[in-house]
Amino acid sequence: MEKPRKKAFFPSWRAVFQSPTTRALAALAFVILLGVIFNADQAFFKWDTHRDMLRQISVFGILACGMTLVIITAGIDLSVGSILGLTAVLFALFSLQLHWSPFLAVGVTLLAGLVCGVASGGLVAYFRIQPFIATLAMMVFARGMAKWVSGGQKISTAVLQPDGTYVYQEVPAFFNFLNSKILGGNIAVVTLIFFFCIALSWLILAKLRWGRYIYAIGGNEEAARLSGIPVVATKLLTYGLSGLFCAVAGICQAAQELQGDPEAGLTYELTAIAIVVIGGTNLMGGRGGIGLTFIGAITIGYLEKVLSINAVGEASRLMLTGIIIIGAVLFQKFRQ
Amino acid sequence: MTKTRLQPLLQMKHIGKSFSGVQVLREVNFELYPGEVHVLAGENGAGKTTLIKILAGVHTDYEGEIWLNGTKVFFKSPHEALIAGVSAIHQEMSLVNSMTVADNIFLGREITRGWGWLDYRSQEKRARELLAQLGLEVELQETLDRYPVAVRQMIEVAKALIYEARIIIMDEPTSALNDLEVDRLFKIINDLKRKGWGIIYISHRMEEIYEIGDRITILRDGSYVGTYSLDELFPQELIRLMVGRDITQQFPPREEYRGEERLIVKNFYVADPTQAKKWVVENVSFNLRAGEILGIAGLQGSGKSELLHGLFGSYGQSVRGEVWLDGVRLSIRSPKEAIKQGLALLTNDRQGTGLIPPLSVGYNVSLASLEKFSPKGWIDAQRERAAIAEMVQALQIKIHSLDQEVQTLSGGNQQKVILAKWMMTSPKVLLLDEPTAGIDVGAKYEIYNLMNRWTAEGKSILLITSELPELLAMADRILVLHRGQVMQEFSREEASQENILQAAMGRR
């Protein structure tokens, strides 16, 4: 009789090489190598560069957290960019124009994001509309709502006076806090929020029953249902969480821009998907993890950074980004 | 018979075929004359489908020769066979349900004016002629999914007419039809016969075989048994020829451990998920004692799997009837409730509805009982792992590590993983649908042993298996379903392969 063997302390080389984490790290290492080679002004050897990279990728990374969970259920969430826009507008409106307390403004904004997410989750889970379609509709709807709430204008600290001039209000302290760098100016607050979202997602996926259900549904929805898993509730919660993360990202975005722009977050959903995919989470569902997404986010962050350090023009930058995304994904495909 | 003076439409001589070293067909001969319905019969796995697939150009590496109208042919693809006049009407039909009736009829043989421009007018004209010939009233521009399976089957026949097929293969064509539709199909078959077509007819239903068939060729375990005229072959003899072999498989001895009345099912109905106002399980009643194995026999389309799914709550609201478990009336509307009440369902599709392929062995095992290890939502990983390891040991699942992906296991071990998943939920009644399908003899034996052990512990089992010897060896009683209804019940002593098969084919 064979017993399940104890896990070896050192996994075999083959297993290490084939693990998706190794693959994701390899892609990251490649991008970092590019940074070390094309190192204009020695920028890559300064912590500021890395700190800025982390700050710039944070909003995308927060979106990618929710996206990861949704993608593991074999779904997709196209609405994240629009919900970010909507919640940025709402948060700016509450804080800058209605002068709500930060506590209330954050609470209501998060709730708005959650409601949007649960709505698309309901369409997917209860009405069985394909995630692509359901969240596409939410994407359009939320963008429209952002424009409606803001009247199509950016909501900023500048308040129009009857005589046609603008008076600039003081920026609320909470905005300044979100936009600051702490620990001796070495890390941005939004980056810490990003790390917090990663940690929360990891907790859900690795430690909670909910996370196991997410993997099971993505791996084989019918088998999961026949094993007594509450498929509808799980999907509802997961899309809801994605909406909640969008609101977090929207708040960060508003604080960084000092305004609520109804156009904010345009095409961010594509960046979020790219982060998840570069990390190696499978769009077919059932496989992947938040650690991979973290690596994916940093990879995309460094890629942007390397290209901007070297002052690569926007046209070339976009083309190179496209090529490198495909390169990374192809690299991960050669697993067998 | 006068037919022997005609030239045969089709001759298949000394056909042999093996799949990766396993011989599934050897020295099979088959002849089809114009105007003949030739039945092909045999148990599941006898090689009927393989033979048909060779004829239809699906399998191309076979031994032997195929002669069509006196010339030797070799089909490299189904399309070549179709063009040569061999048309197969499968159980899963080769139609595109989202396209119109007309487009389906001409699919792959569209009438064009050259350069790929479709000539709709000519197509429509031709289609009307064909449908009139078949006596079928359908709208040509309506999409196919608007019509019931019976009509779709007729459209498949129309498609065969387009290809000017002379040979039509019908593989269980009546499995989805009601009696009226069967009559209509038979009328069309008789028309085709009169026109000199040859029809190869596969069916498990005794009454049909005798009603429509002229001759019958019987296969058993991949070998040719013989060809007989149905006028001269009695049903009893036919069944004996089909079953024939000695039971060589090994089964552990089964002792009966009958306890208290456990599961009582009264007047149970399950709605047909594909057709409104039809039942796939009709008015089924039975009871099951603690420690008992009740076998459920029936052909494809008899509703046996649907019965288990219906009891398990897979169909939600679309069931009717009373279910009592240990004296308590149940009202199960979801698998979740079923599991809570102590039911467990092993489905007949391991990959499709049993396993979560990307997950590890361990996570597959604990999947249905996660709430035990996470009362507040947090999974107690240590407790979970210990319980999984215990199950893996109890069922002797052979694995390298609990973290291994379940896909990497052999079929037998995968099946044991699913059984382990269900045992972890501490079920009272196990619903097992083909528990030993596609697994090797050794693993089968282990599963039989497990079934004996569990019933000795007082669990009850509802067992579906299409392997009759297995059913006879393991079941304490056998319920035979025919078209969704209970045809007959046999005790262990009464049951034999012959009388089960007869009842399953609708004869008492």
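Provided above is the structure to which this section pertains.
Heads up: these notes are all about the structure in this document. What you see is a predicted model; the values in this text were computed from it and never measured.

1. Points about the pattern of salt bridges
Consideration 1: For the structure shown, the criterion picks out 29 salt bridges over all chains.
Consideration 2: Across the pair Arg-225 of chain A and Glu-222 of chain A runs a salt bridge, and its minimum N-O distance is 3.1 Å. Residue Arg-225 of chain A and its partner Glu-222 of chain A are located together in helix α10 (residues 221–226), separated by 3 residues, close to a single helical turn.
Consideration 3: Given a relative accessible area of 32%, Glu-222 of chain A falls into the partly exposed group.
Consideration 4: The partner of Arg-385 of chain B in a salt bridge is Asp-403 of chain B, with the nearest N and O atoms 3.4 Å apart. Residue Arg-385 of chain B is found in helix α14 (residues 381–394), and its partner Asp-403 of chain B is found in the loop between α14 and α15 (411–424); the two are separated by 18 residues along the sequence.

2. A few points about the interface of chain A and chain B
Consideration 1: Every contact between the two is made by 27 residues of chain A and, on the other side, 41 residues of chain B.
Consideration 2: Of the roughly 2800 Å² buried where chain A meets chain B, counting both sides, 58% is carbon and sulfur surface.
Consideration 3: In this structure, the connection of chain A to chain B is made through 2 salt bridges.
Consideration 4: Seen at the junction of chain A and chain B, the total is 10 residue pairs in polar contact (both at pLDDT 80 or more).

3. Concerning the sheet that holds strand β12 (residues 279–289) of chain B
All names here are of chain B.
Consideration 1: Strand order in the open sheet made by the 4 strands is β12-β11-β14-β15, with antiparallel pairing throughout. Bordering the open sheet on either side are β12 and β15 (328–330), each of which pairs with just one other strand. Here the strands of the sheet are splayed against their neighbours by 10° on average, with no regard to which way each runs.
Consideration 2: Judged from the 6 bridges that link them, strand β11 (residues 261–271) and strand β14 (residues 319–325) form a sheet pairing that is antiparallel. Bridging across to β14, Lys-266 finds its partner in Glu-322.

4. Some remarks on the pairing of strand β9 (residues 215–220) of chain B
Remember that side chains alternate between the two faces of the sheet whenever the strand is regular.
Residue and element names in this part refer to chain B.
Consideration 1: Of all 6 residues that make up β9, 5 are buried, and the element is covered over most of its length.
Consideration 2: With 4 bridges joining them, strand β3 (residues 36–41) and β9 adopt parallel strand pairing. Residue pairing in the sheet places Ala-41 in a bridge with Ile-218 of β9.
Consideration 3: Two elements, β9 and strand β10 (residues 223–229), share 6 bridges in a ladder whose sense is antiparallel. Residue pairing across strands places Thr-217 opposite Thr-227, the latter belonging to β10.
Consideration 4: Between β9 and the antiparallel strand that follows it, β10, lie 2 residues; Asp-221 among them carries a positive phi value of about 50°.

5. A look at the nonpolar core
Consideration 1: Grouped together as the largest cluster of nonpolar side chains are 140 residues, with contacts concentrated most on Ile-105, Phe-286, Leu-462, Ile-478 and Ile-500 of chain B.
Consideration 2: Per-element accounting of this core gives the leading share, 9 residues, to helix α5 (residues 149–162) of chain B.
Consideration 3: The contacts of Ile-478 of chain B, once residues within four sequence positions are left out, are Leu-294, Gly-295, Ala-297, Leu-471, Leu-472, Gln-488, Glu-489, Phe-490, Ala-495 and Ile-500 of chain B.
Consideration 4: Membership of the second largest hydrophobic core comes to 99 residues, among which are Leu-78, Val-106, Ile-214 and Ile-275 of chain A.

Analysis parameters
- Residues numbered from 1 in each chain as written.
- Chains lettered and ligands numbered in written order.
- Predicted model: local features only at pLDDT ≥ 70, side-chain atom pairs only at ≥ 80, totals over all residues.
- Heavy atoms only, no water.
- Salt bridge = Lys/Arg side-chain N within 4 Å of Asp/Glu carboxyl O.
- Helix = DSSP H or I, 4+ residues; strand = E, 2+ residues; numbered from the N terminus.
- Buried < 20%, exposed > 50% of the residue type's maximum accessible area, 1.4 Å probe, protein only.
- Contact = heavy atoms within 4.5 Å.
- Buried area = accessible area lost by both parts, 1.4 Å probe.
- Polar contact = N/O pair within 3.5 Å; in protein donor to acceptor, adjacent residues only side chain to side chain.
- Pairing = 2+ DSSP bridges.
- Axes fitted to C-alpha atoms, helices over the stretch in contact; angles between N-to-C directions.
- Core = buried A, V, L, I, M, F, W, Y, C linked by side-chain atoms within 4.5 Å.

The quantities given are spatial measurements derived from coordinates; they are silent on function.
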